[in-house]
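Letter by letter, the chains look like this.
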Amino acid sequence: MDGSKSAQSIEIKASLAKDSDRLHLVQLAIDDNPHIKASNIEFSLPVPSYTIDTLIHLQEKYPKREFCLIMGGDNVESLPKWKNYELLLQIMISMSMSVRIQYNTCRG
């Protein structure tokens, strides 16, 4: 890859599990909680998909809904590298978004 934005996007996308598999894993993880619903809304958004764009879309489409962002501790560590991460934090606060961080300290 030549390091261009589109080449990086292709590399990142290639390293992720298929969208349907990722959604299925989320559904399995939240299956016993009737208050949480997994969303496939990102599947219809432009690629590459960025969290900030998804949150803005959700905020505009569902202004009265409450959302919860679940992320691993490894993502929290890299948050400053995310697209518009400062705006992302502001949106999370303005949406009263819950953030659950679970971090496994075992690195093998």
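Residues take numbers from 1 onward in each chain, read along the sequence in its written order. With the structure being a predicted model, the display of local features is reserved for residues of pLDDT at least 70 and the display and counting of side-chain atom pairs for 80 or more, all residues being used for whole-chain, interface and lining totals. Hydrogens and water molecules were not included; the side-chain quantities draw on all heavy atoms of the structure.

Draft legend 1. Region of the structure containing the overall build of the protein. Elements are defined by DSSP. Helices are runs of H or I of four residues or more, strands are runs of E of two residues or more, and each kind is numbered from the N terminus. Summing up its helical and strand segments, the protein has five helices and two strands in all. Helices (α) and strands (β) of the protein occur, in sequence order from the N terminus, as α-α-α-β-α-α-β. Three labels apply to residues, based on accessible area from a 1.4 Å probe with only protein chains included: buried if under 20% of the type maximum, exposed if over 50%, partly exposed otherwise in between. Counting only residues that meet the buried cut, the protein has 19% of its 108 residues in that class. The long-range share in the protein, meaning contacts at least 24 apart out of those at least 6 apart in sequence, stands at 57%. Here, Shrake-Rupley sampling with a 1.4 Å probe gives the accessible areas, and only protein chains in the shown set may cover a residue. A total accessible area of about 8,600 Å² is found for the protein, and carbon and sulfur atoms account for 53% of it. Contact criterion: two residues are considered in contact whenever any of their non-hydrogen atoms come within 4.5 Å of each other.

Draft legend 2. Spatial organisation of helix α3 (residues 51-61). Every buried residue of α3 is listed here: Ile52, Thr54, Leu55 and Leu58. Within α3, the buried residues cover an arc of 160 degrees as seen down the axis, which keeps them to one side. Each direction from the helix axis to a C-beta atom contributes to the arc, which is the arc of those directions.

Draft legend 3. Geometry of the pattern of salt bridges. Each reported salt bridge corresponds to a side-chain nitrogen of Lys or Arg within 4 Å of a carboxyl oxygen of Asp or Glu. Within the structure shown, the criterion is met by two salt bridges. Ionic pairing is found between Asp19 and Arg22, a salt bridge with its closest N-O pair at 3.5 Å. In this pair, Asp19 and Arg22 are both assigned in helix α2 (residues 19-30), three residues apart and thus about one turn of the helix distant. A relative accessible area of 35% places Arg22 in the partly exposed class. Residue Lys83 pairs with Asp53 through a salt bridge whose shortest N-O separation is 3.1 Å. With Lys83 in the loop between α4 (73-78) and α5 (85-94) and Asp53 in helix α3, this residue pair connects regions lying 30 residues apart in the sequence. Take Lys83: its relative accessible area is 35%, and that puts it in the partly exposed class.

Draft legend 4. Representation of unusual backbone geometry in the model. Residue Pro48 is reached from Val47 by a cis peptide bond, and omega for that bond is 5 degrees. For Pro48, the location among the structural elements is in the loop between α2 and α3. Even without glycine at this site, Asn84 takes up a positive phi of about 50 degrees. The exposure class of Asn84 is partly exposed, given its relative accessible area of 44%.

Draft legend 5. Up close: the confidence of the model for the protein. What pLDDT conveys is the predictor's confidence in a given residue, as a value from 0 to 100. The share of residues in the protein with pLDDT of 70 or more is 71%, and the mean pLDDT across the chain is 76. Scored below 50 in pLDDT, residues 1-12 makes eight contacts in the model with residues more than four places away or belonging to other chains.

Draft legend 6. Molecular detail of the environment of Leu23. Relative to the helices and strands, Leu23 resides in helix α2. Sequence separation of Leu23 and Ala38 is 15 residues, and the distance between their C-alpha atoms is 7.2 Å. With residues up to four places along the chain from it excluded, the contact list for Leu23 reads Ala38, Ser39, Asn40 and Phe43.

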